[in-house]
Amino acid sequence: MSVSAFPASELDIGRGFPRRGTLLTEAGHLLPAVLLLYAILIPQEVRVEVSGVTLYAYRLVCFALLPWIAARVFRGALRMHPIDAVIAIGGTWMVLSFVMVSGDLQGFVSGAGLAIDVLVPYFVARVTIHNVADMRKLLIIYAPGIFAAGVIIMVEAVTHQPIIKPLVRSIFSARAGFVESSSGSAEIRLGLRRSEGPFAHPILAGLILASAGCLFATSGLRKWPMWLGVSCMLLSVFTVSSAAFLAILLGVGLIGYDKVSRFFTFLGWPIFMVGAAIGMLFIQFASDNGLIRFLLRFTLNPQTGYYRRLIWQYGTENVAANPLFGIAFAEYERLSWMNASVDAYWLADAIRHGLIVPLCFLVATLWALFALGRQSAAATSETDRHFMIGVAITLVVLVVIGFTVSFFGGVLLWFYIVLGVAVSLLKARAVPWDKHTRVT
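Residues numbered from 1 in each chain as written. Predicted model: local features only at pLDDT ≥ 70, side-chain atom pairs only at ≥ 80, totals over all residues. Heavy atoms only, no water.

Examining the overall build of the protein
Where we set the bar: In DSSP terms, a helix is any run of H or I states spanning at least four residues, a strand is any run of E spanning at least two, and both are numbered starting from the N terminus. Think of it in three bands: with a 1.4 Å probe and only protein chains considered, a residue is buried below 20% of the maximum accessible area for its type, exposed above 50%, and partly exposed in between. Here, residues are in contact when the closest pair of their heavy atoms is within 4.5 Å.
For the protein, the count of helices and strands is 17 helices and six strands. The buried share of the protein, reckoned over its 440 residues, is 53%. Look at the contacts in the protein between residues 6 or more apart in sequence, and 76% of them connect residues 24 or more apart.

Right, here's the structure in full:
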């Protein structure tokens, strides 16, 4: 195999993996992002408890990368954007809220652990991704891993037998310092086992596979990386999760709209965003249930939808009572038969940390979405423009699903990696044609 100059619009990845000295050499600066993405695929059964903080594989990688991030930022490797400051404020408030509620060192440690899960993946993406070419290389390297996770989920769903987590527990549970956990949901839907593979929950598994498929579908890659990545969207169906189905519907719909808008210029993204805003306002004020409850209707289990409505009802009451610093790890007030989980990421953050944290992260995300939409119009090729829109679409999918699903574990890191990529593309340096490569 050899590396040759080629326009991004003709980016063509050959069959098989690049030999040593080609793509992997060019992508050496992406190693921290690669380590973090593959750490997400390691089951949370591999973990250790230290001073009250649970260290999963991805969190160990995050801690290991902290000095590297600090050094790179100190050396000027990060081209700062105001969104970075908003994210940093949100992360700092996560720690401050726990300190204010707990009032001791343990509160600081717990808050810092949660903040690291947000800040490290975001800033790793910001420091490592410089342009769309970097993101394509990262997807090529990640394609085999995320596809393998999807295949495991499919086999578990069809056979009704968990595979990866029992294997991991058999290896690690007997080792000192490691903690064993349950094998996850064994619910059967539509004749399939709700499988999570290496992820923490079937819902999270379906969401990360479906959203990753959106990125690959718009990346401009070809042959095996594209097919492996797009297949993840189909494999997410085997989680039998409403979140996966909604993510596929939303992602495919937005990608389709982008393609149609290229033929009908009056159907541009500004028109779409205005129409979407009007539609959401209409649902919020014209319907009896409001926007959030409207989204909760898209569930395979009506009882689950009803339960999530109760979570929003009692959760917002708790936020109103503790708007500044939240309640940390305390259980929110609710009906006696409801459990303590909050199946909505933005609401869970507000309950735990107060309103400042989710507002910072939502403002940063919306800012990145609108700015990336403007930036895509100046892309040097249609393929690059489509990829930038694809990153924005992936963010939209994750933000919307975040109102009905709680992000934790790998999906939380995945969201902030994608957000970091979006902001990096806003500061991307122009890449000459000869910097876009193909493996032939």
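Observations regarding the side chain of Asn 318
Note on placement: Asn 318 falls in helix H13 (residues 302-321). According to the relative accessible area criterion, Asn 318 is buried, its value standing at 10%. Setting aside anything within four residues of it in sequence, one finds Asn 318 in contact with Tyr 332 and Glu 333.

Some words on the nonpolar core
Stated formally: The set of buried Ala, Val, Leu, Ile, Met, Phe, Trp, Tyr and Cys residues whose side-chain atoms join them within 4.5 Å is what this entry labels a nonpolar core.
Of all hydrophobic cores here, the largest spans 108 residues; its most connected members are Ile 146, Phe 199, Phe 361, Val 391, Trp 414 and Tyr 416. No other element matches helix H17 (residues 410-426), which puts 14 residues into this core. If near-sequence neighbours (up to four positions away) are discounted, Phe 361 is found in contact with Ile 87, Gly 90, Gly 91, Met 94, Val 118, Tyr 345, Trp 346, Asp 349 and Tyr 416. With 15 residues, the next largest nonpolar core counts Leu 310, Ile 311, Ile 327 and Met 338 among its residues.

A few points about helix H3 (residues 57-74)
Note the cut-off: In this scheme, a helix's expected span is set at 1.5 Å multiplied by one less than its residue total. A residue's bend is the angle separating two fitted axes: one through the seven residues that end there, the other through the seven that start there.
Spanning 18 residues, H3 covers 26 Å between terminal C-alpha atoms, matching the ideal 26 Å at 1.5 Å per step. At Leu 65, H3 is deflected by roughly 35°, the largest bend along its length, and proline Pro 67 occurs up to four residues later in sequence.

Comments concerning the environment of Tyr 332
With respect to the helices and strands, Tyr 332 occurs in the loop between H13 and helix H14 (345-353). With 10 residues separating them in the primary sequence, Tyr 332 and Val 342 have C-alpha atoms 9.2 Å apart. Residues within four places of Tyr 332 in sequence aside, it is in contact with Ile 311, Tyr 314, Gly 315, Asn 318, Ile 327, Met 338, Asn 339, Ala 340, Ser 341, Val 342 and Ile 351.

Looking at the pattern of salt bridges
Cut-off, in case you're wondering: Each salt bridge in this description consists of a side-chain nitrogen of Lys or Arg and a carboxyl oxygen of Asp or Glu lying within 4 Å of one another.
Inspection of the entire model under this criterion finds eight salt bridges. We note a salt bridge from Lys 165 to Glu 196, for which the minimum N-O separation is 3.7 Å. Highlighted residues: Lys 165 in helix H7 (residues 164-172) and Glu 196 in the loop between strand S5 (192-193) and helix H8 (202-218), separated in sequence by 31 residues. The partner of Arg 334 in a salt bridge is Glu 331, with the nearest N and O atoms 2.8 Å apart. Look at Arg 334 and you get partly exposed, because its relative accessible area is 22%.

Quick notes on H17
Count 3.6 residues to each turn of an α-helix, and residues three or four apart come out pointing the same way. Helix length check: H17, at 17 residues, gives a terminal C-alpha distance of 25 Å against a target of 24 Å (1.5 Å per residue), a fit within 8%. Within H17, 17 of the 17 residues are buried, leaving the element largely enclosed by the surrounding structure.

Overview of unusual backbone geometry
Non-glycine residue His 160 carries a positive phi angle of around 65°. Assignment of secondary structure puts His 160 in the loop between helix H6 (132-159) and H7. One non-glycine residue, Val 240, lies in positive phi territory at about 50°. Structurally, Val 240 is set in the loop between helix H9 (223-235) and helix H10 (242-261).

Comments concerning the packing of aromatic side chains
Describing an aromatic ring pair means giving the distance of the ring centres and the angle of the ring planes. Put simply, the rule reads: What counts as a ring pair is set by centres within 6.5 Å for rings of Phe, Tyr and Trp (its six-membered ring), and what kind of pair is set by the plane angle: stacked under 30 degrees, edge-to-face over 60, tilted for all other angles.
According to the stated counting rule, one finds 14 aromatic pairs in the structure shown. Summarising the aromatic geometry, the rings of Phe 415 and Tyr 416 are spaced 4.8 Å apart at their centres and angled 85° between planes, so their arrangement reads as edge-to-face. The exposure classification of Phe 415 matches that of Tyr 416, with both residues buried. Here the aromatic residues Trp 312, Tyr 345, Trp 346, Phe 361, Phe 403, Phe 407, Phe 415 and Tyr 416 are joined through ring pairs into a cluster of three or more.

Regarding the side chain of Asp 84
Here is the rule: In protein, a polar contact means a hydrogen-donor-capable atom and an acceptor-capable atom, both N or O and within 3.5 Å, with residues adjacent in sequence counting only if both atoms are side-chain atoms; elsewhere, any N or O pair within 3.5 Å suffices.
By the secondary structure assignment, Asp 84 is in helix H4 (residues 82-102). Given the relative accessible area of 1%, Asp 84 is considered buried. Reaching out from Asp 84, the side chain makes a polar contact with the side chain of Tyr 122 at a distance of 2.5 Å. For Asp 84, the side chain forms a polar contact with the side chain of Arg 126, separated by 2.8 Å. Those residues in contact with Asp 84 that sit more than four places away from it in its chain are Leu 78, Arg 79, Tyr 122, Phe 123, Arg 126 and Val 423.

What to know about the packing of H4 against helix H15 (residues 356-376)
Heads up, the rule is: Structural elements are reduced to axes, namely lines fitted to C-alpha atoms, with helices fitted over the stretch in contact, and the angle between N-to-C directions of any two is expressed from 0 to 180 degrees. Reported orientations rely on four angle classes, namely roughly parallel under 35 degrees, roughly antiparallel over 145, roughly perpendicular from 65 to 115, and oblique for the rest. Two helices crossing with the near one rotated counterclockwise from the far one by less than a right angle form a left-handed crossing, whereas a clockwise rotation gives a right-handed crossing. When residues are grouped by polarity, Ala, Val, Leu, Ile, Met, Phe, Trp, Tyr, Cys and Pro land in nonpolar, Asp, Glu, Lys and Arg in charged, and all others, Gly among them, in polar.
Remark: H4 packs on H15, axes separated minimally by 8 Å, with the N-to-C direction vectors making an angle of 160°. Relative to H15, the element H4 lies roughly antiparallel. The way H4 lies across H15 gives a crossing that is left-handed. Contacts from Pro 82, Ile 83, Val 86, Ile 87, Ile 89, Gly 90, Gly 91, Trp 93 and Met 94 in H4 reach Ile 356, Val 357, Cys 360, Phe 361, Ala 364, Trp 367 and Ala 368 in H15. Looking at side-chain class alone, the contact of H4 with H15 contains 14 nonpolar, two polar and no charged residues.

Some points on the confidence of the model for the protein
For residues with low pLDDT, the predicted coordinates do not support detailed interpretation. Where we set the bar: Along the chain, pLDDT gives the predictor's confidence residue by residue, from 0 to 100.
Here the protein averages 80 in pLDDT, and 77% of its residues register 70 or above. Every residue in residues 1-21 is under pLDDT 50, and counting partners more than four places away or in other chains gives 64 contacts.

Some points on the environment of Ile 87
Within the secondary structure, Ile 87 is located in helix H4. With relative accessibility at 0%, the residue Ile 87 sits in the buried group. Between the C-alpha atoms of Ile 87 and Cys 360, which are 273 residues apart in sequence, the distance is 6.5 Å. With residues near it in sequence (within four places) discarded, Ile 87 still touches Leu 119, Tyr 122, Phe 361, Ala 364 and Leu 419.

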